[in-house]
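Here's the letter readout for the chains.
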Amino acid sequence: MSDGKDRDQAYWETHLEAITREGIGTKAYAQRERIAVSSLYYWRRRLKAQ
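Residues numbered from 1 in each chain as written. Predicted model: local features only at pLDDT ≥ 70, side-chain atom pairs only at ≥ 80, totals over all residues. Heavy atoms only, no water.

J.: Just to check I follow, could you spell out the pattern of salt bridges for this structure?
T.: Two side chains bearing opposite charge may form a pair once their charged atoms approach each other closely. Tallied over the full model, the rule gives 2 salt bridges. For Glu22, the salt bridge goes to Arg32, with nearest N and O atoms at 2.9 Å. Of this pair, Glu22 sits in helix H1 (residues 2-22) while Arg32 sits in helix H2 (residues 26-33); the two residues are 10 residues apart in sequence, bridging distant segments of the chain. For Arg32, a relative accessible area of 44% puts it in the partly exposed group. Of the charged contacts in the structure, one is a salt bridge between Arg32 and Glu33, with a shortest N-O distance of 3.0 Å. Taking relative accessible area as the criterion, Glu33 reaches 32% and is therefore assigned partly exposed. One salt-bridge network, in which partners are shared between bridges, spans Glu22, Arg32 and Glu33. (Salt bridge = Lys/Arg side-chain N within 4 Å of Asp/Glu carboxyl O. Helix = DSSP H or I, 4+ residues; strand = E, 2+ residues; numbered from the N terminus. Buried < 20%, exposed > 50% of the residue type's maximum accessible area, 1.4 Å probe, protein only.)

Right, here's the structure in full:
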């Protein structure tokens, strides 16, 4: 069952790394990639807590 969670985590880690690498704002990145900015903030908090 953890395979899905691992894939979710890897998916969001990839996006968060791209934001850092590109030096783009989170909101601008979310708009460009058409993903919810709230999800990016959620996963950033969740991964930082680990």
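On we go.
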